[in-house]
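# Observations on chain architecture
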Amino acid sequence: MSDDWLGRWREYFLAWYDEGRVEEKALEVADFASRFLDEGQVSVSGGKDSMVMLHIIVTRCRSDIVVFHWDHGPWLMPRAVENEIRCNIATVASKAKVIVETYNYGSRPEARVVWRPWYKAFFSTLKRLGYKYHLLGIRAEESSRRRARGRVVGRRHWVEIHPIYNFTWRDVWAYIFKHNTPVPNIYYKYARLLGWNRVRLTTFFDLEMQRYGQPQVDSVLSWRWKHNPLDRTNSAL
Amino acid sequence: MEPLEVTFYLSTPVALGFPWIYFDSLIAHIRLKEELGERYYSLPTKIPVDSVPAIPIKHWKDVPIASVSIFEPQAGLHTFSYFKRGDFPFPKGKISRASGFFKDFYLKTVYVPAVKVKFYATGELKEVERLVKLVPALGKERNIGFGFIRKVEVREVEHEWGLVKDSMAMRPIPVKYLKAYEDATYMAYKPPYWSKHSVDLCVVPFTRVELA
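Calculation notes
- Just so you know, the residues in each chain are numbered from 1, in the order the chain's sequence is written.
- The lettering of chains begins at A and the numbering of ligands begins at 1, in the order of writing.
- Given that the model is predicted, a residue must reach a pLDDT of at least 70 before its local features are reported, and side-chain atom pairs must reach 80 or more before they are shown or counted; all residues, however, enter totals for whole chains, interfaces and linings.
- Excluded from the side-chain calculations are hydrogens and water; all other atoms, namely the structure's heavy atoms, are used.
- Each helix is a run of H or I in the DSSP string that is no shorter than four residues. Each strand is a run of E no shorter than two, and both are numbered from the N terminus.
- Relative accessibility decides the category of a residue: with a 1.4 Å probe and only protein chains considered, values under 20% of the type maximum give buried, values over 50% give exposed, and everything between is partly exposed.
- The contact definition used throughout considers only heavy atoms, calling two residues in contact when any of these lie within 4.5 Å.
- For accessible areas, the Shrake-Rupley method is used with a probe of radius 1.4 Å. Any residue's cover is judged against the shown protein chains and nothing else.
- Two residue types count as positive, namely Lys and Arg, and two as negative, namely Asp and Glu; His and chain ends fall outside the count.
- Lys charges are placed at NZ, Arg charges at CZ, Asp charges at CG and Glu charges at CD.
- This radius of gyration counts C-alpha atoms alone. The globule rule is 2.2 Å times how many residues there are, raised to the power 0.38.
- Note: buried area is the sum, over both parts, of the accessible area (probe 1.4 Å) each one loses when the two are combined.
- Note on definitions: salt bridges are taken to be side-chain nitrogens of Lys or Arg within 4 Å of carboxyl oxygens of Asp or Glu.
- Pairing of N or O atoms within 3.5 Å defines a polar contact, subject to two protein rules: one partner must be a possible hydrogen donor and the other a possible acceptor, and residues neighboring in sequence count only if both atoms are side-chain atoms.
- Residue polarity is assigned by list, with Asp, Glu, Lys and Arg as charged and Ala, Val, Leu, Ile, Met, Phe, Trp, Tyr, Cys and Pro as nonpolar; anything else, Gly included, falls into the polar class.
- Nonpolar side chains (Val, Leu, Ile, Met, Phe, Trp, Tyr) are joined into patches within 5 Å and like charges within 9 Å, using only residues with over 30% relative accessible area and no salt bridge.
- At least two DSSP bridges between two strands are needed for those strands to be called paired.
- Note on geometry: axes are lines fitted to C-alpha atoms, helical ones only across the stretch in contact, with angles between N-to-C directions running from 0 to 180 degrees.
- Among buried residues, the Ala, Val, Leu, Ile, Met, Phe, Trp, Tyr and Cys ones that are joined through side-chain atoms within 4.5 Å form a nonpolar core.

## Topic: the overall build of chain B
For chain B, the helix and strand inventory stands at 2 helices and 15 strands. Across its three principal directions, the C-alpha atoms of chain B cover 65 × 40 × 35 Å. For chain B, buried positions account for 47% of its 212 residues. Within chain B, residue pairs in contact and separated by at least 24 positions form 76% of the contacts whose partners lie at least 6 positions apart. Surface summary for chain B: the accessible area is close to 11,300 Å², and the carbon and sulfur share equals 53%. Charged side chains in chain B number 30 positive and 24 negative. The centres of these two groups are separated by 9 Å.

## Remarks on the overall build of chain A
Per the secondary structure count, chain A includes 9 helices and 6 strands. A globule of 237 residues ought to have a C-alpha radius of gyration of about 18 Å, and chain A, at 17 Å, matches this closely. Seen along its three principal axes, the alpha-carbon backbone of chain A occupies a region of about 45 × 45 × 35 Å. Taking all 237 residues of chain A together, 55% fall into the buried category.

## What about the interface of chain B and chain A?
Buried accessible area, meaning the area lost when the parts come together, often serves as the stated size of an interface. Across the boundary between the two partners, chain B contributes 28 residues, which contact 19 residues of chain A. Overall, the association of chain B and chain A removes approximately 1,900 Å² of surface from exposure, summing both partners, and the carbon and sulfur fraction of that is 59%. Our count for the contact surface shared by chain B and chain A stands at 1 salt bridge. Residue Arg 224 of chain A is joined to Asp 183 of chain B by a salt bridge in which the shortest nitrogen-to-oxygen separation is 2.2 Å. Here chain B is connected to chain A by 7 residue pairs in polar contact (both at pLDDT 80 or more). For the side of chain B that touches chain A, the elements supplying multiple residues, two or more each, are strand 6 (78–84), strand 7 (105–112) and strand 13 (184–188) of chain B. Broken down by class, the residue content of the side of chain B that touches chain A amounts to 15 nonpolar, 6 polar and 7 charged.

## Side note on the pattern of salt bridges
All names here are of chain A. As enumerated under the stated definition, the model contains 31 salt bridges over all chains in all. Across the pair Glu 82 and Arg 86 runs a salt bridge whose closest N-O atoms are separated by 3.0 Å. Highlighted residues: Glu 82 and Arg 86, both in helix 4 (residues 79–92), separated by 4 residues, approximately one helical turn. On the accessibility criterion, Arg 86 (35% relative accessible area) is partly exposed.

## Points about a nonpolar patch on the surface
Side chains of Val 113, Val 114, Trp 115, Tyr 119, Phe 123 and Leu 207 of chain A sit close together on the surface and give an oily, nonpolar patch of about 490 Å² of accessible area. In this fold, Leu 207 of chain A is placed in the loop between helix 8 (186–194) and helix 9 (214–221).

## Re the sheet that holds strand 5 (residues 70–72) of chain B
Paired through their backbone hydrogen bonds, the strands of a sheet run either parallel or antiparallel. All names here are of chain B. Within the open sheet, the 4 strands sit side by side as 5-8-1-9. Their pairing is antiparallel. Both edges of this open sheet fall to strand 5 and strand 9 (149–156), since each of them pairs with a single strand only. Here the strands of the sheet are splayed against their neighbours by 25 degrees on average, with no regard to which way each runs. Across 7 bridges, strand 1 (residues 2–10) lies against strand 9 in antiparallel orientation. Each bridged residue has a counterpart across the sheet, and for Phe 8 the counterpart in strand 9 is Val 152. Sitting on the sheet, helix 2 (residues 125–132) touches strand 1, strand 8 (116–123) and strand 9, and the angle it makes with strand 1 is about 15 degrees.

## What about the nonpolar core?
Counting 90 residues, the largest nonpolar core has Leu 54, Leu 135, Trp 173 and Trp 196 of chain A together with Phe 8, Phe 23 and Leu 138 of chain B as its most contacted members. Counting residues in hydrophobic clusters, the runner-up holds 22 residues, among them Trp 223 of chain A together with Trp 20, Cys 202 and Val 203 of chain B.

## Description of the sheet that holds strand 1 (residues 40–43) of chain A
All names here are of chain A. With mixed pairing, the 6 strands of this open sheet are ordered in space as 3-2-1-4-6-5. Every interior strand has two partners, whereas the edge strands, strand 3 (97–102) and strand 5 (152–154), have only one. Shown here is a sheet whose adjacent strand axes are inclined to one another by a mean of 25 degrees, direction ignored. One ladder, built from 3 bridges, connects strand 1 with strand 4 (residues 133–135); its direction is parallel. Among the inter-strand pairings, Gln 41 is bridged to a residue of strand 4, identified as His 134. Lying on the sheet, helix 3 (residues 48–60) is in contact with strand 1, strand 2 (66–71) and strand 4; it crosses strand 1 at an angle near 135 degrees. Packing against the sheet, helix 4 makes contact with strand 2 and strand 3, and its axis sits at approximately 180 degrees to strand 2.

## Focus: the environment of Met 209 of chain A
Residue and element names in this part refer to chain A. Within the secondary structure layout, Met 209 lies in the loop between helix 8 and helix 9. In this structure the C-alpha to C-alpha distance between Met 209 and Tyr 165, which are 44 residues apart in sequence, comes to 23 Å. Residues within four places of Met 209 in sequence aside, it is in contact with Thr 202, Thr 203, Gln 214 and Pro 215.

## Some details on the pairing of strand 8 of chain B
Residues and elements named next belong to chain B. Of all 8 residues in strand 8, 7 are buried; the element is thus mostly enclosed. As judged from the 8 bridges shared by strand 1 and strand 8, these two strands associate in the antiparallel manner. Each residue of the ladder has a partner; that of Glu 5, found in strand 8, is Tyr 120. Relative to strand 8, strand 5 runs antiparallel, the two being bridged by 3 bridges. Paired with Ile 70 across the bridge in strand 8 is Lys 118.

## Looking at the environment of Arg 21 of chain A
With respect to the secondary-structure elements, Arg 21 of chain A resides in the loop between helix 1 (4–19) and helix 2 (22–33). The spatial distance from the C-alpha of Arg 21 of chain A to the C-alpha of Asp 171 of chain A is 8.4 Å, given a sequence separation of 150 residues.

So, in structure tokens, the structure goes:
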């Protein structure tokens, strides 16, 4: 997408990069995260936050890390977006060991309505992988609940680490524009309508997201994937 | 049956749950409400209706000759966001904020600030006119004021533009009925639009098409 709207925002975020001291924050993130990489895995959804975290770790700590990516299946994550995410991960972390686990139930349309099996499948996978630390791209600014979690959270079978906990949405976008960090193109389509501060990459047409109004927005912006998650034309902007 | 042009003049923007509103589904909805009366409001969840009421619209094969909505002026999409959370005088004891009266939710509605919504269809003028006058509002979130109709006009036009106008598809048409098309995807093309049995590979509205 190359138009005035994106160009103006690019200028704004590049200006913010220095103003918001994003470089300092990135160095601090790298220093903090490096302590957990030997026994940990970097969980990457493919969204903007996890991609920024991955980019910081790979470029400033080390590149031979373990990356974990969860594929939600075609009915929750259309294939065009999923393929783009995998390509982005491979571009940023080319030397990393990438573990991709697939949610089998996500190959059925019912996955959009029945979400309880997701939790069981996801958490049992994390337990099976057996890593001590899970590095996640969660930020304090996202919600009061996430703020309350803190930067290091001890769970029963692992410890959750949130390296970019102190990043704001401006910091994240500034980092993306400054370092050309790849993120799915669908972000720009949604950001135009929802705003840069509100745009999030979540599962598509997922009724679990209904309380956030997400399926309704998906039905208007990503209507091609409503009945056919294999449609490739929707990502064209 | 005559070719018709139906124009809704709006007093508030239209909230959307899909990029277009289907005229035949609107008419089927009104007919169903008429047919079922109060029972319309207590339909079963799994299979709400087992048959669609007859609508006064002509069909070509099994495709109703009725266009999707044409918004005028063609303004871009906007969003209305509303965060409902408990700022009530809460009762004593444990209450759930995940369900029921105190449930928190975030409303994110996509709307079009249109002034007019136009449809083309082929149907019975008198009956269509009677039914469209029963429509108080269009689109989604009508309960909070979206899509209110100021007036509606139905007039006869020369050409049948419910399916194709100037070589452009005016609604989803299954590609099996077409000779050539520019763009296609899986869409519902006949009422009930929520049913998976109505979904087929269809031409996308407002793209080039040639009927077989």
